[in-house]
Amino acid sequence: VRWMMYWIVFALFMATETFTDLLISWFPFYYEIKMAFVIWLLSPYTRGASLLYRKFVHPTLSRKEKEIDTYIIQAKERSYETVVRFGKRGLNLAATAAVQAAAKSQGALAGRLRSFSMQDLRSVPDET
């Protein structure tokens, strides 16, 4: 349970870090403070992750549990439709690319065969 709390808090930290790095990375000792915060989260003596999880994350998740469940159900329904739609689009693109490649290669093949016609072979001197 302790590790679960740590990884959830750490994931939230990493998600917010992407924005804070852009905005306040110029702040003196920013990276040192960030490193000290991660050590504080991880330390078994301070139990920072457990503290943050119990004070902020768990109450928020408990309050919004029904909304989260609704979003998950909607995502499941939409994901199937999206996969089918992108699958059809991908198959159409692949079929178009295959037809275009076949048409281009057929022209190249015909040109190559024309270069080996009987008239061309007669112009080659006999080596016997």
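Our subject is the structure that appears above.
Below: a short report on this structure. (Residues numbered from 1 in each chain as written. Predicted model: local features only at pLDDT ≥ 70, side-chain atom pairs only at ≥ 80, totals over all residues. Heavy atoms only, no water.)

1. Let's talk about the overall build of the chain
Reasoning step 1: Along the backbone of the chain there are five helices and zero strands.
Reasoning step 2: Sequence-ordered secondary structure for the chain, helices as α and strands as β, is α-α-α-α-α.
Reasoning step 3: Evaluated residue by residue, the chain yields a buried proportion of 12% over its 128 residues.
Reasoning step 4: Within the chain, contacts between residues at least 6 apart in sequence are counted, and of these 53% link residues at least 24 apart.
Reasoning step 5: With an accessible surface of roughly 11,200 Å², the chain has 67% of that area assigned to carbon and sulfur atoms. (Helix = DSSP H or I, 4+ residues; strand = E, 2+ residues; numbered from the N terminus. Buried < 20%, exposed > 50% of the residue type's maximum accessible area, 1.4 Å probe, protein only. Contact = heavy atoms within 4.5 Å. Areas by Shrake-Rupley, 256 points an atom, 1.4 Å probe, with all protein chains shown as cover.)

2. With respect to the nonpolar core
Reasoning step 1: Of all hydrophobic cores here, the largest spans 10 residues; its members are M5, Y6, V9, F10, F13, L41, A49, L52, Y53 and V57.
Reasoning step 2: Mapped onto this core, the elements with two or more residues apiece are helix 1 (2-24) and helix 3 (48-63).
Reasoning step 3: Looking at this core element by element, the count peaks at five residues for helix 1. (Core = buried A, V, L, I, M, F, W, Y, C linked by side-chain atoms within 4.5 Å.)

3. Structural notes on a nonpolar patch on the surface
Reasoning step 1: Taken together, the side chains of L22, L23, I24, W26, F27, F29 and I33 make up a nonpolar region of the molecular surface, amounting to roughly 870 Å² of accessible area.
Reasoning step 2: Among the elements that make up the nonpolar patch, the one with the highest residue count is helix 1 (three residues).
Reasoning step 3: Its location among the elements puts W26 in the loop between helix 1 and helix 2 (30-42).
Reasoning step 4: Using a relative accessible area of 64% as the deciding quantity, one classes W26 as exposed. (Patch = residues over 30% accessible without salt bridge, like charges linked within 9 Å, V, L, I, M, F, W, Y side chains within 5 Å. Salt bridge = Lys/Arg side-chain N within 4 Å of Asp/Glu carboxyl O.)

4. Things to note about the packing of aromatic side chains
Reasoning step 1: The full count for this structure, using the stated rule, is nine aromatic pairs.
Reasoning step 2: Judged by centre distance (5.6 Å) and plane angle (20 degrees), the rings of Y6 and F10 are stacked. With Y6 and F10 both in helix 1, this residue pair falls four residues apart, about one helical turn.
Reasoning step 3: Aromatic side chains F13 and F37 sit 5.2 Å apart centroid to centroid with 45 degrees between the ring planes, which places their arrangement in the tilted category. Highlighted residues: F13 in helix 1 and F37 in helix 2, separated in sequence by 24 residues.
Reasoning step 4: The exposure class assigned to F13 is buried, which follows from its relative accessible area of 14%.
Reasoning step 5: Taking relative accessible area as the criterion, F37 reaches 29% and is therefore assigned partly exposed.
Reasoning step 6: Counting every residue linked through ring pairs, the aromatic cluster contains W3, Y6, W7, F10, F13, F37 and W40. (Phe/Tyr/Trp six-rings, centres within 6.5 Å; stacked < 30°, edge-to-face > 60°.)

5. A closer look at helix 1
Reasoning step 1: Bending of helix 1 peaks at approximately 35 degrees at the position of E17.
Reasoning step 2: What helix 1 keeps buried is the set M5, Y6, V9, F10, F13 and E17. (Bend = angle between axes of the 7 residues up to and from the residue.)

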